[in-house]
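Chains, contacts and geometry: an overview
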Amino acid sequence: MSVAILIPARYSSTRFEGKVLAKIGSKTMVRVVYEAVEKSEYADFVAVLTDDKRVVEEIKSFGGNVFEVKGNFNSGTDRIAAFVKNNRFDYIVNMQADEPLIDAETVDKLIKCIMENNSDMATLVSKAKEEEIDDENVVKVVVDNDGYALYFSRSRIPFSRNPFDGYLKHVGIYAYSFDALMKLSSFNPSSLELAEGLEQLRALQNGIRIKTCMTDKFLIGVDTKEDLRKVLNYLEIENG
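Residues numbered from 1 in each chain as written. Predicted model: local features only at pLDDT ≥ 70, side-chain atom pairs only at ≥ 80, totals over all residues. Heavy atoms only, no water.

This next bit is on the overall build of the protein chain. Across its full length, the protein chain carries eight helices and 11 strands. A compact globule built from 240 residues should have a C-alpha radius of gyration of about 18 Å, and the protein chain, at 17 Å, falls within 12% of that. Judged by the C-alpha coordinates and their principal axes, the protein chain covers about 55 × 45 × 35 Å. Among the 240 residues that make up the protein chain, the fraction classed as buried is 53%. Counted over contacts in the protein chain with a minimum sequence separation of 6, partners at least 24 positions apart contribute 69%. Counting every atom, the protein chain has about 11800 Å² of accessible surface; 44% of that belongs to carbon and sulfur. Here the protein chain holds 31 positive side-chain charges and 38 negative ones, and the gap between their average locations is 3 Å. (Helix = DSSP H or I, 4+ residues; strand = E, 2+ residues; numbered from the N terminus. Rg over C-alpha atoms; globule rule 2.2 N^0.38 Å. Buried < 20%, exposed > 50% of the residue type's maximum accessible area, 1.4 Å probe, protein only. Contact = heavy atoms within 4.5 Å. Areas by Shrake-Rupley, 256 points an atom, 1.4 Å probe, with all protein chains shown as cover. Lys, Arg positive; Asp, Glu negative; His and termini not counted. Charge placed at Lys NZ, Arg CZ, Asp CG, Glu CD.)

Spelled out as structure tokens, the structure:
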């Protein structure tokens, strides 16, 4: 079984332009992510996919694999699909370039999750903290009794008319089988995807089931400059 970890890295992020090149200590965020996931025990191939020469130059500066994938893509998933169409792998991991606290062990948990469950698509979830439940930058998820995602939302789900302490947050890393990725990329952006700004809803709305696996790894996705400050503060505490 061949496994690729691909890191789509746009420079022109709407909420935080250039965030993938923001510094985490002495290294850029995309480099921190790359160097973490390349230690995966399952990955046969790791690369950054981008449309910006500044990102290309950064990855080449430390000897990483990088490919320019040009096009007007709706999501990182679509950029990855365009690349793997001519570079086939059995399983593909979509590793966000804005998860600087990621480690290889967490990525390998996701890869094991999709392989052991023979799923088309898989992702990770973790317990949400109280202050995250109503934060629109933290994506919540509800799952069925077999651990398959029912829905993802930036809103609080479920609505707690009665006491509920099982809130889950989505860790924005995906794994796909090759066939599922090709199928997913053939669909136009769905109405729910556009409404929430969440690409995984395209899969659910078109009948692609998403297996979830729990992780207790603490992660902070960087969508805003405030998120970056949270990461830097956390790392100072961790290293202190």
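Counting buried positions along strand β4 (residues 45-50) yields five of six residues, so the element is predominantly enclosed. Pairing geometry for β4 and strand β5 (residues 66-68), over three bridges, is parallel. Paired with T50 across the strands is E68, a residue of β5. You can see the chain leave β4, run along helix α2 (residues 53-61) and come back into β5, and the turn it takes is right-handed. (Pairing = 2+ DSSP bridges. Right-handed = clockwise from strand over helix to strand, strands pointing away.)

The next subject is the nonpolar core. Core analysis: the biggest nonpolar cluster contains 46 residues, and I7, V37, V48, V93, M95, I102 and V107 have the highest contact counts within it. If you tally residues by element for this core, the top one is helix α1 (residues 29-37), at seven residues. If you look at the next biggest cluster of nonpolar residues, it comprises 28 residues, including L6, A47, M121 and L184. (Core = buried A, V, L, I, M, F, W, Y, C linked by side-chain atoms within 4.5 Å.)

All right, on to the side chain of R79 then. One can find R79 in helix α3 (residues 76-84). Overall, R79 belongs to the buried group, its relative accessible area being 4%.

Following the criterion strictly, the structure yields 16 salt bridges and no others. Residue K19 is joined to D223 by a salt bridge in which the shortest nitrogen-to-oxygen separation is 3.7 Å. With K19 in the loop between β1 (3-8) and β2 (23-24) and D223 in the loop between β11 (211-214) and α8 (225-239), this residue pair connects regions lying 204 residues apart in the sequence. Accessibility assignment for this pair places K19 and D223 in one class, buried. Through salt bridges with shared partners, a single network forms among K19, D98 and D223. (Salt bridge = Lys/Arg side-chain N within 4 Å of Asp/Glu carboxyl O.)

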